[in-house]
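Here is how the chains run, residue by residue.
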Amino acid sequence: MTVKPYAERIRVRGLVQGVGFRPTVWNFANRCQLLGAVWNDAEGVLIDAVGSKSAIDRLADLIARQPPPLARIDGIERGPLPPDERPDYTRFEIIESRGGDIHTGIVPDAATCSACQQDIQDPANRRYRYPFTNCTHCGPRLSIVRAIPYDRATTSMAEFQQCEACLAEYTDPADRRFHAQPNACPDCGPQVWLENAAGERLHGGSEADPVEQAAGLLNAGAILAIKGLGGVHLACDAGNEAVVAALRTRKRRYHKPFALMATDPAMIRRYARLSDQEEALLKSSAAPIVILQQGGEEEERLAYQVAPGQQSLGFMLPYTPLHHLLMEHLSRPIVLTSGNQSDEPQVISNSASHERLSGIADYWLLHDREIVNRLDDSVVRVMDGHARMLRRARGYAPAPVALPDGFSQAPAILALGGELKNTFCLVRDNQAIISQHMGDLENSATIREYHRSLALYRQLYQHDPALVVVDYHPNYLSTQWGQQMASEHGLQLETVQHHHAHIASCMAEHGLGRDHPAVLGIALDGLGMGEDGSLWGGEFLSVNYCDFRRLAHFKPTAMLGGAKAMYEPWRNTLAYLLSEFEWEALLQNYGKLELIQFLDAKPIANLQQMLARGINSPLASSCGRLFDAVAAAIGICREQASHEGQAAIEMEALISQQSQQSGYPHRLELIDGQYVLSWRPLWRELLDDLAQGVPAETMAARFHLGVIEAVTGTAMLLCQQQQLDTVVLSGGVFQNRVLLEGVSERLRQQGLNPLSPRVVPANDGGLSLGQAVVAAARWLNRTC
Ligand SMILES: [Zn+2]
Ligand SMILES: [Zn+2]
């Protein structure tokens, strides 16, 4: 009788599919001289290992310590291999798939790995200077996929037949390019070329390298459209004031800061402060734009027009071979901003790049690998010690977020998000898959893309929702589509209040279980529809996943002129002043103030009438509008703001770290059992400061401190009264660093535990996750 050798079955959970995990295990197993097999199933990766216990220990250890770069291991479980399930292994093999419903999904696009960087720098390598070099550990993924199963035929690499050399790599488990679907080389893969505005290719000599030529044009002050990984960018020399100004005019983007690309961290340090944490983010496989504090080691400055009125700069490092090869020829950073006109989505196709960017770009650096899915550059900022997602797209989406305890029985859910900065979210297999940043659903091109992406994600994840979730706001397009989808397909429809979703989103990413006791949620943002049909945005809520109760809020103030108030901040200033004071009294006491004279030149009588009769002046308890009102009062973006939040961002930029001021006062009133934060005392002191000629920086600092004190004071009171100890901060206004850090620090000093968003944005980009978990919790409560 032969004794069967020692054998185990090992389960690996986490992000382990589509990242080169099986060949890595195959290599390790061979190194450990084990027999057996590795394959994917619905829950991750399974390994049969046959050999000695010590060899299997070594295999498990290697997997844990040296997983492939793009993998994320959540757990390794070892157990005996059931004898009846033990085939007679004669070698260690990779099995394509074994039964079951495989939900491989798709991994995010990843920046060029160091091995591929070496390949393109090595004159002896066959990929020397090849701009589309990639491997299992790097390269395009979501940006090129059309459908599952994820293999070459369902991506935009389908039209490029691999040459023999590439195919040999692709089929060799020992090779770094084993099953790398976008694998390519100069002989068989995509090509890059340079065009002029007429679409004619520029040659510049037989040996001319179009990427090097493009760099020369940038150096000479030209504006280039450059097709990258997830879209077409507009690029120019960031040190050339005239060309940056020209780009602003041509693109009709007058205020929003431009993103920058630098060759390496050393180049960034010439212009901005860079911590180790920030450097690690820049070099990560997601390679996002990282918002950094201006002030480098050298006197050298970039063009003022790169980030007018800002104290920060958004930098990224090269993340494709094309970018690496381009940046090699440049001695200072380039602007690399989305290729579009004003608020349109970034263009992705060669033809659209000519249609939409003619008159903006001088030259086009294009290639023939089609971008299937638009992926904007992600934006991250380190605040209160942690990286915070401001825009989640390339490099992060569609990596799933694990749902906390208690959600494993949730049905398939589709949450459609909000209106601005939209994302949508799919729940399945105890995970939330959040789409990349879609943009504002006000633009017809964005809307088309939203529907296309929704269809793609549902196909990629084989997602057939039982439940559709929307915001309360009846006019959001996403709400209307959700209602339509639910009625057409007979699905359940769940509606989730905007600020409840903001707070629940943050609870979920921090792993608060489904039955976690209520938390104090503080949602500070622009606008969201409240339960009472009025607009909210400065909210203190008692929140659990299923429900919430409004405990306190900012005093509602009119948005004079409705939506106009978002783009003409002075309207908010006037509304605040008129809600607290008589216009005649203001003229009498502060008539010499430039602010009052400015407002007096507006049709005050008409505006007062509008307020009195409530015509086109909806009340909003919005924190964002308070920021706008104060910013306009101290002279920031008073007449016009080109985007929501611009005034608040510019006001934050005024504050220096050292400013020691007293905050503006507030008043907390109890009205009909609800606390209301009133800013009347603030406005009186602010007007006095203006009369005394106090500098704007000081007023901005006093305002931020005043809000921090008001918010933490109110939080303390409510926590005590309601016996709450966890405070969850969310909403777009918490993307303000001074506010987030100030509130968090003070709450911690009081022994509270503040939580704030990290992996999903605090702004409306995080709504879809919150909607999904609230709907899931309600469904589970009803059925379990
Ligand atoms: Zn690579
Ligand atoms: Zn090839």
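In what follows, the structure referred to is the one given above.
Predicted model only: the values in this text are computed from it and were never measured.

(A) Examining the coordination of the zinc ion (ligand 1) more closely. Protein coordination at the zinc ion (ligand 1) comes from Cys-113 (SG), Cys-116 (SG), Cys-135 (SG) and Cys-138 (SG), with a distance range of 2.3 Å. One can describe the site at the zinc ion (ligand 1) as tetrahedral: its four donor atoms subtend angles covering 103 to 118° at the metal. Within one chain, the residues donating to the zinc ion (ligand 1) are spaced in sequence as C-x2-C-x18-C-x2-C. With a gap of 19 residues between them, Cys-116 in helix 3 (residues 114–121) and Cys-135 in the loop between helix 3 and helix 4 (164–170) connect regions that are remote in the sequence. According to the relative accessible area criterion, Cys-116 is buried, its value standing at 0%.

(B) Spatial organisation of the sheet that holds strand 3 (residues 44–51). Within the open sheet, the five strands sit side by side as 4-1-3-2-5. Their pairing is mixed. Where the open sheet ends on each side, the last strands, each with one partner, are strand 4 (72–80) and strand 5 (92–94). Taken pair by pair, the neighbouring strands of this sheet meet at an average axis angle of 15°, ignoring direction. Where strand 2 (residues 35–41) lies against strand 5, three bridges are found, and the strand directions are parallel. Looking at strand 5, one finds that Ala-37 is bridged to Glu-93. Helix 1 (residues 21–31) rests against strand 1 (6–15), strand 2, strand 3, strand 4 and strand 5 of the sheet, and its axis sits at about 175° to strand 5. Against the sheet, helix 2 (residues 53–65) makes contact with strand 1, strand 3 and strand 4, and its axis sits at roughly 165° relative to strand 4, the strand it touches most.

(C) Molecular detail of helix 10 (residues 350–357). For helix 10, every residue scored as buried is listed here: Ala-352, Ser-353, His-354 and Leu-357. In this structure, the buried residues of helix 10 make contact with strand 6 (192–196), strand 7 (224–227), strand 8 (232–237) and strand 13 (363–367). Phi turns positive one or two residues past the end of helix 10, at Gly-359, with a value near 90°.

(D) Summary view of the packing of aromatic side chains. In total, this model carries 10 aromatic pairs according to the counting rule given. Residues Phe-627 and Phe-703 carry aromatic rings whose centres are separated by 4.8 Å and whose planes lie at 75° to one another, so their mutual orientation is edge-to-face. Of this pair, Phe-627 sits in helix 19 (residues 623–633) while Phe-703 is found in helix 22 (residues 696–722), placing the two residues 76 residues apart along the sequence. Its relative accessible area of 1% is what places Phe-627 among the buried residues. The rings of Phe-424, Tyr-450, Tyr-457, Tyr-461 and Trp-481 are connected pair by pair, giving a single aromatic cluster.

(E) A look at the sheet that holds strand 20 (residues 467–471). An order of 16-19-18-17-20-21 is seen for the six strands of this open sheet, with the pairing classed as mixed. Where the open sheet ends on each side, the last strands, each with one partner, are strand 16 (401–402) and strand 21 (492–496). Where strand 17 (residues 413–415) and strand 20 come together, three bridges link them in parallel fashion. Its bridge partner being in strand 20, Ile-413 is matched across the sheet by Leu-467. Contacts from helix 12 (residues 477–489) reach strand 17, strand 20 and strand 21, with the element oriented near 155° to strand 20.

(F) Spatial organisation of the packing of helix 13 (residues 498–509) against helix 24 (residues 767–783). At a minimum axis separation of 7 Å, helix 13 and helix 24 run at an interaxial angle of 90°. As summarised for this structure, helix 13 and helix 24 are arranged roughly perpendicular, according to the angle between their axes. Facing His-498, His-500, Ala-501, His-502, Ala-504, Ser-505 and Ala-508 of helix 13, the residues of helix 24 in contact are Leu-767, Leu-769, Gly-770, Gln-771, Val-773, Val-774 and Arg-778. Here the residues of the contact of helix 13 with helix 24 sort into seven nonpolar, six polar and one charged.

(G) Spotlight on the packing of helix 1 against helix 2. Two numbers describe how helix 1 lies on helix 2: the axes approach to 10 Å, and their chain directions differ by 145°. Relative to helix 2, the crossing made by helix 1 is right-handed. Residue-level inspection shows Phe-21, Val-25, Phe-28, Ala-29 and Arg-31 of helix 1 in contact with helix 2, the latter providing Arg-58, Leu-59, Leu-62 and Ile-63. Taken together, the residues of the contact of helix 1 with helix 2 sort by class into seven nonpolar, no polar and two charged.

(H) Here's a closer look at the pattern of salt bridges. For the coordinates displayed, the defined rule picks out 42 salt bridges. The partner of Arg-72 in a salt bridge is Asp-74, and the shortest N-O contact between them spans 3.2 Å. Across the salt bridge formed by Arg-127 and Glu-169, the nearest N and O atoms sit 2.7 Å from each other. Separated by 42 residues along the polypeptide, Arg-127 in the loop between helix 3 and helix 4 and Glu-169 in helix 4 bring together distant segments of the chain. Residue Arg-127 is classed as buried on the basis of its relative accessible area, which comes to 2%. Accessibility expressed as a relative area gives 12% for Glu-169, which makes it buried. One network of salt bridges, with partners in common, ties together Glu-8, Lys-53, Asp-57 and Arg-78.

(I) Structural context of the pairing of strand 21. Sheet analysis places strand 20 next to strand 21, joined by five bridges and oriented parallel. Bridge assignment links Leu-467 to a residue of strand 21, and that residue is Gln-492. Running through helix 12, the crossover from strand 20 to the neighbouring parallel element strand 21 is right-handed.

(J) Structural view of the coordination of the zinc ion (ligand 2). The coordination sphere of the zinc ion (ligand 2), as far as protein atoms go, consists of Cys-163 (SG), Cys-166 (SG), Cys-185 (SG) and Cys-188 (SG), spread over 2.2 to 2.3 Å. Each of the four donor atoms around the zinc ion (ligand 2) contributes to a set of angles spanning 105 to 118°, which defines the coordination as tetrahedral. Here the donor residues of the zinc ion (ligand 2) are spaced in sequence according to C-x2-C-x18-C-x2-C. Residue Cys-163 is found in the loop between helix 3 and helix 4, and its partner Cys-185 is found in the loop between helix 4 and strand 6; the two are separated by 22 residues along the sequence. Classification of Cys-163 as buried rests on a relative accessible area of 18%. For Cys-185, a relative accessible area of 0% corresponds to the buried category.

Definitions and cut-offs
Residues numbered from 1 in each chain as written. Chains lettered and ligands numbered in written order. Predicted model: local features only at pLDDT ≥ 70, side-chain atom pairs only at ≥ 80, totals over all residues. Heavy atoms only, no water. Donors = N, O, S within 2.8 Å, 3.2 Å for Na, K, Ca; no water. Tetrahedral: all angles 85-135°; square planar, octahedral: opposite > 155°, others 65-115°. Helix = DSSP H or I, 4+ residues; strand = E, 2+ residues; numbered from the N terminus. Buried < 20%, exposed > 50% of the residue type's maximum accessible area, 1.4 Å probe, protein only. Pairing = 2+ DSSP bridges. Axes fitted to C-alpha atoms, helices over the stretch in contact; angles between N-to-C directions. Contact = heavy atoms within 4.5 Å. Phe/Tyr/Trp six-rings, centres within 6.5 Å; stacked < 30°, edge-to-face > 60°. Parallel < 35°, antiparallel > 145°, perpendicular 65-115°, else oblique. Nonpolar A, V, L, I, M, F, W, Y, C, P; charged D, E, K, R; others polar. Left-handed = near helix turned anticlockwise from the far one by under 90°. Salt bridge = Lys/Arg side-chain N within 4 Å of Asp/Glu carboxyl O. Right-handed = clockwise from strand over helix to strand, strands pointing away.

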